[in-house]
Amino acid sequence: MALPSTPPKTPTGSAAGQYRWPLRIIGLLLLIQASSVLALSLFFSRQIDWQRELADSILSIAALDIIAWDIVVAPLIILLIITAIGFFFQRAFAWLFAMTLQGVMLLGCLSIYFLTNSYLRNSHFIYLTMVYCIMMVLYLNSSDVRIAFQVKKRTRE
């Protein structure tokens, strides 16, 4: 005798509201990450004496590393802010963007660690950025976040 299958329960308004909190927390964490990466870029840029660098005919390796870091990180900061706003408004693209941005940020940190010889490589901030990216990937893959996106999909149907 086959048991009748019951359709999945769709959450009510209060239950759907409780699933919004993981998305808001991720949005806040992405904003924190964007502001900390911006502060990190400003910190690294202020370590270089740009007047002396621009007076020379060739930039030093440290200055070139800072310029490369800033070129890579500037679009990521903007995309992190857009993704954080997407999480606040529960947009479907936000999860994929957040995962992709964490991977690109981790790839950037690893390339700085393995491909450069400047003081960026020996900075503890690079390690903290890598750990933060890994923790964000783990939190993005948690069941709370997955359920929040499934609830959003079910309530639309």
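Just above, that's the structure.
Student: Would you mind going over the packing of aromatic side chains with me for this structure?
Tutor: All told, the structure shown has 6 aromatic pairs when counted by the stated rule. The ring of Trp21 is capped by Arg24, whose NZ or CZ atom sits 5.2 Å from the centre of that ring.

Student: Explain helix α5 (residues 93-115) here, please?
Tutor: The periodicity of an α-helix, 3.6 residues per turn, causes residues three or four positions apart to be oriented the same way. The terminal C-alpha atoms of α5, which comprises 23 residues, lie 32 Å apart, in line with the 33 Å expected from a rise of 1.5 Å per residue. Within the span of α5, buried status applies to Ala94, Ala98, Leu101, Gln102, Met105, Gly108, Cys109 and Ile112. Where α5 is buried, its residues meet α2 (20-46), α4 (61-88) and α6 (124-140).

Student: How should the environment of Asn117 be read in this particular structure?
Tutor: Inspection of the secondary structure puts Asn117 in the loop between α5 and α6. Distance in space between the C-alpha atoms of Asn117 and Ala62 is 8.3 Å, their sequence separation being 55 residues.

Student: Please clarify how the environment of Cys133 should be interpreted in this entry.
Tutor: Inspection of the secondary structure puts Cys133 in helix α6. Put simply, Cys133 and Gly103 are 30 residues apart on the chain and 7.6 Å apart in space, counted from C-alpha to C-alpha. Setting aside chain neighbours within four positions, we find Cys133 in contact with Gln33, Gln102, Met105 and Leu106.

Student: Would you mind going over the side chain of Gln33 with me for this structure?
Tutor: As for its position among the elements, Gln33 is in helix α2. With relative accessibility at 2%, the residue Gln33 sits in the buried group. Look past the residues within four positions of Gln33 in its chain and what remains in contact with it is Leu80, Gln102, Met105, Tyr132, Cys133 and Met136.

Rules of the game
Residues numbered from 1 in each chain as written. Predicted model: local features only at pLDDT ≥ 70, side-chain atom pairs only at ≥ 80, totals over all residues. Heavy atoms only, no water. Phe/Tyr/Trp six-rings, centres within 6.5 Å; stacked < 30°, edge-to-face > 60°. Lys NZ or Arg CZ within 6 Å of the ring centre and 35° of its normal. Helix = DSSP H or I, 4+ residues; strand = E, 2+ residues; numbered from the N terminus. Expected span 1.5 Å × (residues − 1). Buried < 20%, exposed > 50% of the residue type's maximum accessible area, 1.4 Å probe, protein only. Contact = heavy atoms within 4.5 Å.

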